Amino acid sequence: MKIALAGNPNSGKTTLFNAITGKVEYVGNWPGVTVEKKEGSVKSSLNPGKRKMTIVDLPGAYSMSPYTSEESITRDFVRKEGPDVIINIVDATNLGRSLFFTSQLMELGIPVVIALNKSDMIQKKGIIIDTELLSELLGCPVVRTVSTKSMNNGLDFLIEAVQSVFDTKKKQQPLHIKGMKTDASKEEQEQIDKTRFSVVNEIVDRVERRRMDSSEHTFQDTIDRVVANKWLGIPIFALVIWVVFSISQSWLGPWLADLFVGWIDAFYELVESVLGENVHPVLSSLLLDGIIGGVGAVVGFLPLIMVLFFMLALLEDSGYMARVALVMDPYFKKIGLSGKSIIPMIVSTGCAIPGVMATRTIKNERQRRTTALLAPFMPCGAKLPIIALFAGVFFRDNVWVGTSMYFLAIFVIILGGLIIRKITGDTSKSYFIMELPEYRIPSIKRATISMLNRAKAFIVKAGTIILISNAVVHMLQTFNWRFQVVGTSAPETSILASIATPMAWLFIPLGFGIWQFAAAAVTGFIAKENVVGTLAVTFAITNFIDVEEFALISGGSDVMTVFGIGAVAALSYLVFNLFTPPCFAAIGSMNSEMESPKWLWGAIAFQLGMGYVLSFFVYQVGTLVTTGSVGSGFLGGLIAVLAMIGYVVYLMKKGSSKRMIPVAQEVA
Amino acid sequence: MNISNCKLNTEYLITDVNAKETDMKDFLFTLGCYPGERVVLISRLPSMYVVDIKNSRYSIDDDLARAICLIEPMEADKEDIMERVVV
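What you see is a predicted model, and the numbers here were worked out from it, not measured in a lab.

Caption draft 1: Quick look at the overall build of chain A. From N to C terminus, chain A includes 27 helices and nine strands. Against the compact-globule benchmark of 26 Å for 668 residues, chain A has a radius of gyration of 28 Å, which places it among compact chains. Relative to its full complement of 668 residues, chain A shows a buried share of 56%. Expressed as a percentage of contacts within chain A between residues at least 6 apart in sequence, the contacts between residues at least 24 apart total 73%. Of the roughly 29000 Å² that chain A leaves accessible, carbon and sulfur atoms contribute 64%. If the 59 positive side-chain charges of chain A are averaged to one point and the 53 negative ones to another, these points end up 7 Å apart.

Caption draft 2: Summary view of the overall build of chain B. The helix and strand inventory of chain B stands at three helices and five strands. Put simply, chain B runs from its N terminus to its C terminus through helices and strands in the order β-α-β-β-β-α-β-α. Counting over 87 residues, chain B shows a buried share of 56%. Long-range contacts, defined as pairs at least 24 residues apart, comprise 58% of the intrachain contacts of chain B with a sequence gap of at least 6. Accessible surface, chain B as shown: approximately 3800 Å² in total, 48% of it carbon and sulfur.

Caption draft 3: Inspection of helix α9 (residues 233-275) of chain A at higher detail. The first and last C-alpha atoms of α9(A) sit 59 Å apart over 43 residues, in line with the 63 Å expected at 1.5 Å per residue. Where α9(A) bends most, at A:G253, the angle is about 60°, and the proline A:P254 comes one to four residues later.

Caption draft 4: The arrangement of the interface of chain B and chain A in detail. In this assembly, 38 residues from chain B lie in contact with 41 residues from chain A. Summed over both partners, the interface of chain B with chain A comes to about 3600 Å²; 55% of that surface belongs to carbon and sulfur atoms. Per-residue buried area on chain B facing chain A is highest for B:T30, B:N55 and B:R57; these three make up 17% of the total on that side. Our count for the contact surface shared by chain B and chain A stands at four salt bridges. Close ionic contact of A:K333 with B:D61 constitutes a salt bridge, the shortest N to O distance being 2.6 Å. Only α1 (22-30), β2 (38-45), β3 (48-53), β4 (56-61) and α2 (62-67) of chain B provide two or more residues apiece to the side of chain B that touches chain A. Tallying contributions element by element places α1(B) first for the side of chain B that touches chain A, with seven residues. Counted by class, the side of chain B that touches chain A contains 17 nonpolar, nine polar and twelve charged residues. Direction of pairing for strand β9 (residues 433-435) of chain A relative to β4(B): antiparallel, over a ladder of three bridges. Bridge pairing in β4(B) links A:I433 to B:I60.

Caption draft 5: View of the packing of aromatic side chains. Residue and element names in this part refer to chain A. Summed over all chains, the structure comprises 25 aromatic pairs over all chains. Their ring planes at 75° and their centres at 4.7 Å tell us that F512 and Y573 sit as a pair that is edge-to-face. Linking F512 in the loop between α19 (495-506) and α20 (515-523) with Y573 in helix α24 (residues 567-579), this pair joins segments that are 61 residues apart in sequence. Of the two residues, F512 and Y573, both sit in the buried class. Connected via pairs of aromatic rings, a cluster forms that spans F390, F394, F507, F512, F517, F539, F563, Y573 and F576. Over the ring of Y439 we find R323; its NZ or CZ atom is 3.9 Å from the centre of that ring. Across the ring face of Y26, the terminal group of R454 is positioned such that the distance to the ring centre comes to 5.7 Å.

Caption draft 6: Quick look at the packing of helix α15 (residues 365-374) of chain A against helix α17 (residues 399-424) of chain A. Residues and elements named next belong to chain A. Packing of α15 against α17 leaves a shortest axis separation of 10 Å and a crossing angle of 140°. By the criterion of interaxial angle, the relationship of α15 to α17 is oblique. As for the relative orientation of α15 and α17, their crossing is right-handed in sense. Across the interface between the two elements, R366, T370, L373 and L374 of α15 pack against I413, G416, G417, I420, R421 and T424 of α17. For the contact of α15 with α17, the residue count by class is four nonpolar, four polar and two charged.

Caption draft 7: Spotlight on the sheet that holds strand β7 (residues 142-144) of chain A. All names here are of chain A. An order of β2-β3-β1-β4-β5-β7 is seen for the six strands of this open sheet, with the pairing classed as mixed. With one partner strand each, in any of the chains shown, β2 (38-41) and β7 form the two edges of the open sheet. Neighbour-to-neighbour, the strand axes of this sheet turn through a mean angle of 25°, independent of strand direction. Bridge count between strand β1 (residues 2-7) and strand β4 (residues 85-91): five bridges; the pairing is parallel. Pairing of A6 across the sheet is with N88, part of β4. Against the sheet, helix α2 (residues 69-80) touches β1, β3 (54-57) and β4, its axis set at about 145° to β1. Against the sheet, helix α5 (residues 131-138) engages β5 (112-117) and β7, with an angle of about 155° to β7.

Caption draft 8: The sheet that holds β9(A), seen in detail. Spatial strand order, β9(A)-β4(B)-β3(B)-β2(B)-β1(B)-β5(B): six strands in an open sheet with antiparallel pairing. With one partner strand each, in any of the chains shown, β9 of chain A together with β5 (68-71) of chain B form the two edges of the open sheet. On average, adjacent strands in this sheet sit at an angle of 40° to one another, irrespective of strand direction. Set on the sheet, helix α8 (residues 219-227) of chain A makes contact with β2 and β4 of chain B; between it and β2(B) the angle comes to about 40°.

Caption draft 9: Inspection of the domain arrangement of chain A at higher detail. Residue and element names in this part refer to chain A. Domain boundaries in chain A define domain 1 (2-210) and domain 2 (234-479 + 486-661). The straight-line distance from the C-alpha centre of domain 1 to that of domain 2 is 41 Å. In total, domain 1 and domain 2 occlude about 2000 Å² of area from one another, counting both sides; carbon and sulfur atoms represent 56% of this. Looking only at domain 1, the three residues that lose the most surface to domain 2 are Y26, N29 and W30, adding up to 32% of its buried area. At the boundary of domain 1 with domain 2, the tally comes to two salt bridges. Residues E438 and K125 are paired through a salt bridge, measuring 2.4 Å at the closest nitrogen-oxygen approach. Taken together, the connections running from domain 1 to domain 2 amount to ten residue pairs in polar contact (both at pLDDT 80 or more). It is α2 that provides the largest number of residues to the side of domain 1 that touches domain 2, a total of three residues.

Caption draft 10: Spatial organisation of the packing of α17(A) against helix α26 (residues 597-627) of chain A. All names here are of chain A. Look at α17 against α26: their axes get within 12 Å of each other, and the N-to-C directions meet at 135°. Compared by their axis directions, α17 and α26 come out oblique. Like other packed secondary-structure pairs, α17 and α26 cross with a definite hand, here right-handed. On α26, the residues touching V412, L415, G416, I419, I420 and T424 of α17 are W599, F606, M610 and L614.

Caption draft 11: Here's a closer look at the pattern of salt bridges. Residue and element names in this part refer to chain A. Considering all chains together, one arrives at 29 salt bridges over all chains under this definition. Among the salt bridges present, the one from D76 reaches R75, with a minimum N-O distance of 3.1 Å. Taking relative accessible area as the criterion, D76 reaches 26% and is therefore assigned partly exposed. The partly exposed category is assigned to R75, whose relative accessible area is 23%. One salt-bridge network, held together by shared partners, links R75, D76 and K80.

Caption draft 12: A look at the side chain of A:T54. Residues and elements named next belong to chain A. With respect to the helices and strands, T54 occurs in strand β3. Note on T54: relative accessible area 17%, which makes it buried. Ignoring sequence-local partners within four residues, the contact set of T54 consists of M1, K2, I3, E39, G40 and S41.

Conventions adopted
- Residues numbered from 1 in each chain as written.
- Chains lettered and ligands numbered in written order.
- Predicted model: local features only at pLDDT ≥ 70, side-chain atom pairs only at ≥ 80, totals over all residues.
- Heavy atoms only, no water.
- Helix = DSSP H or I, 4+ residues; strand = E, 2+ residues; numbered from the N terminus.
- Rg over C-alpha atoms; globule rule 2.2 N^0.38 Å.
- Buried < 20%, exposed > 50% of the residue type's maximum accessible area, 1.4 Å probe, protein only.
- Contact = heavy atoms within 4.5 Å.
- Areas by Shrake-Rupley, 256 points an atom, 1.4 Å probe, with all protein chains shown as cover.
- Lys, Arg positive; Asp, Glu negative; His and termini not counted.
- Charge placed at Lys NZ, Arg CZ, Asp CG, Glu CD.
- Expected span 1.5 Å × (residues − 1).
- Bend = angle between axes of the 7 residues up to and from the residue.
- Buried area = accessible area lost by both parts, 1.4 Å probe.
- Salt bridge = Lys/Arg side-chain N within 4 Å of Asp/Glu carboxyl O.
- Nonpolar A, V, L, I, M, F, W, Y, C, P; charged D, E, K, R; others polar.
- Pairing = 2+ DSSP bridges.
- Phe/Tyr/Trp six-rings, centres within 6.5 Å; stacked < 30°, edge-to-face > 60°.
- Lys NZ or Arg CZ within 6 Å of the ring centre and 35° of its normal.
- Axes fitted to C-alpha atoms, helices over the stretch in contact; angles between N-to-C directions.
- Parallel < 35°, antiparallel > 145°, perpendicular 65-115°, else oblique.
- Left-handed = near helix turned anticlockwise from the far one by under 90°.
- Domains from an automatic or database assignment.
- Polar contact = N/O pair within 3.5 Å; in protein donor to acceptor, adjacent residues only side chain to side chain.

Below is the structure:
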């Protein structure tokens, strides 16, 4: 039995899906969190008969006529894939609008069961709904549910109702709508839909009693006026972001990481003592330095990432995200985007893959593609270890290093938006409309579940992709082209060094023309955590977090000396890794959202160029300020940078003239 | 009169939706924002308006606010242009 979950945005479909299947799909308190369909099976406690029941979670939709692309996924699924039963989730606080979609779903000839969700909210709001009468008038079962509760949530009754409509095979009668026909013209359709709304209004009038009119000014509206205030809006947003990142990066995160690294070090020593002297040195080095050292260096930063995800989940649960969109809308319009573009960017601070996918809720194609290009500039969770490593080693954990990277990202996004608008020559504006969900106290439980789920994914990634990458890097570094073990005296003869050295030439004007750094930047495209892992393996450093302790154990030579670059070059390397293209998986998701090879390759080239140019300026200007003269490779780098900037300016000129032509024609 | 220049916390009836994009007009329809329906302006924010339509809050920008034309319910009675009877 295939069951589809359909309903209005932010009615709690994914929360219900998670409660029914026991899965942990991404939820949040704003409309448009789910942008693709997800499948799961009903968990056994709700399915005593052990029947095969697949449940499909669909993006929210207001009607069968989609406005944005994620809404069409829902329409296409219920129309073409023929689910056996549809669970229509209706927000109980909002019957008047939700039942419009319900009436359309009932015309598909598929049995419908209504989950009257958020039933706990109606009592608080003084709304009374006659469920039995509603069920009678609609001609389908109606079950009260509270998907956020774990007990007495009505889900058992819901699944029972689904099974019974499936078994009885009794055809449900759709609502009678006067003038209804399948081949209606546009005008006729409008008239039908008006009639549809009036039929729905009549039903709502009969089943619902409201003690308080929803159009009265509430405390929630007062909060809106504060967070979206002309003067306070942006400072509040900046403060929220600062709190999220400072707690994860400089407060709670590092403290937990210190604790964690102690355990990894102990594990390293344990394995070392177990191996003893009898194991071949190449093998023991692969295991200790390549695998445990490399993976350990990455896993050591796990607490930072967990704290970040916990904080982000709280933020996403609060209802504030939709307000950020409306606060940012006037500013984003100035760079050719809309307020909706901010949500993919905030989501990208966790991971760029869902961030890029979140662009589906943007209707305008150019805005959607531009947002998919710019969102990965926000440093994601996997880039957090890189930031923490360089801030810790070169800047004594200064908070400003991490925070400034987020502000630099915002600057890059603004600049990028302006450039791309010029290149495309498209200055069209679009309307902004967004449903405002109610604020709620974020659930610690949900945030914990989300955090643990992401931590699990991170550990799986560390144990697979990152482990393999580190092992490969270690092997390539151990052997030369004749498969002889490279001695410690000549590490530059290894396979890895000989591949990475030519690339390192390109990085001389950026201050880090050293083959280890080049190799780490490249493995970073597989997964950004690899940057830290590869640096750990190639420089044979295992402890990146407790830098002081490292200096003690390695006899005074600290990580900074081992790296052989200065603070300015380190900052340049950090900038390069943050602002070049994201990992391959995120590029894949850019590809599917942009739906255009020209845009994809343009985006990758733009991101590469942006990273290179920014690093060049950071290193050369920084060196000029600190030492009084420009850094190495200045002239060559300058030529390359000027060529890149020149080409972009040329494209911008060309784009602007493209825009001029239609205007000129209009005048003529 | 439209949403950008109407009074706060007062119920109005929609007389016309002049959105330039027809898609937007259709979309607003599915939210219950079409001639004859009720709307209340809740807050004026910078370049943004919070409105209540069918028991939901939406934020809309000034271009869209100007596109939604309104009339006071009393006036609607007089002119007798509404299909829906206002109670």
